[in-house]
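Observations on chain architecture
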Amino acid sequence: MGFGLLFIGYLLTFVVSMTLYGWAIRIVGCVVMMIGMHKLREYFRQFVYAEVVAALFLLTGIAEGVFYFIKHYAGEEALPQFAVTLEGWVWLALVMLLHLLMLWALSNAAADVGLDKQRSTALTAMIITVLWASTYALGTAKIIPPGFYYLMLIILIVVTAISIFGCYKNICPEGAEDMERKKTGIQFLDRFFEKLDAREARAVETTRREIEERERKRADSRNSKRRKK
């Protein structure tokens, strides 16, 4: 449907990219997110706006790649500081806009199928997005310590990933409710999903038994009262 690709692309873009050559991983992650959003547009039109911003965000990865090669082959002094500063602020604006539009689309998708919990998570992540951007700007201006920015970024990534995964787990095309989960082809993700599915199945079964037990006790209680009368 597209949520799985969006989830994987998001992790690549904002988690796996926190490594050497992160700009290259970001480019790949943006492409995967765009493919996922393109698929989701068939069901939820609002993803078109986030898809456009993801394409623009991909350009920041290309820009950082160009910066890397300029510094590597021409030296640090060959790279204008103005260009680096400008790219940093453009990065901030696009990350904030991407999250707001993507989470807005996720919120609407969850609302369309009656998933109040997932909708609430998406709306919460939208608030965190604004708070994160504020800490980035205030930290850059040295009004607050920069540590707040990194803390809010981690919180934002975690809550957004939970929001995407919640939609991935609970929203599927009509008629596909009983289909087995498709393999992603990425070993550690497949193992993660298998364990999650097993845990969820156990939780569902436990809940079902608890409900049945409560219903049985209520029925026994009603029968007991009738006999006393």
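Conventions used here
Residues numbered from 1 in each chain as written. Predicted model: local features only at pLDDT ≥ 70, side-chain atom pairs only at ≥ 80, totals over all residues. Heavy atoms only, no water. Phe/Tyr/Trp six-rings, centres within 6.5 Å; stacked < 30°, edge-to-face > 60°. Helix = DSSP H or I, 4+ residues; strand = E, 2+ residues; numbered from the N terminus. Buried < 20%, exposed > 50% of the residue type's maximum accessible area, 1.4 Å probe, protein only. Contact = heavy atoms within 4.5 Å. pLDDT = per-residue confidence, 0-100.

Glancing now at the packing of aromatic side chains. For the coordinates displayed, the defined rule picks out 20 aromatic pairs. With a centroid separation of 6.2 Å and 45° between ring planes, the pair formed by F3 and F44 is classed as tilted. Of the two residues, F3 sits in helix 1 (residues 3–16) while F44 sits in the loop between helix 2 (22–40) and helix 3 (47–74), which places them 41 residues apart along the sequence. Residue classification places F3 among the buried positions, given a relative accessible area of 1%. An aromatic cluster is built from W89, W91, W132, Y136, Y149 and Y150, whose rings are joined through pairwise contacts.

You can see S163 is positioned in helix 6 (residues 147–170). Distance from S163 to A125, taken between C-alpha atoms, is 8.0 Å for residues 38 residues apart in sequence. Look past the residues within four positions of S163 in its chain and what remains in contact with it is L103, L106, Q118, T121 and A122.

Here we take up the confidence of the model for the protein. The predicted model of the protein has a mean per-residue pLDDT of 82, with 81% of residues at 70 or higher. Low pLDDT, under 50, characterises residues 174–179; the stretch is placed with 1 contact to residues that sit more than four places away or in other chains.

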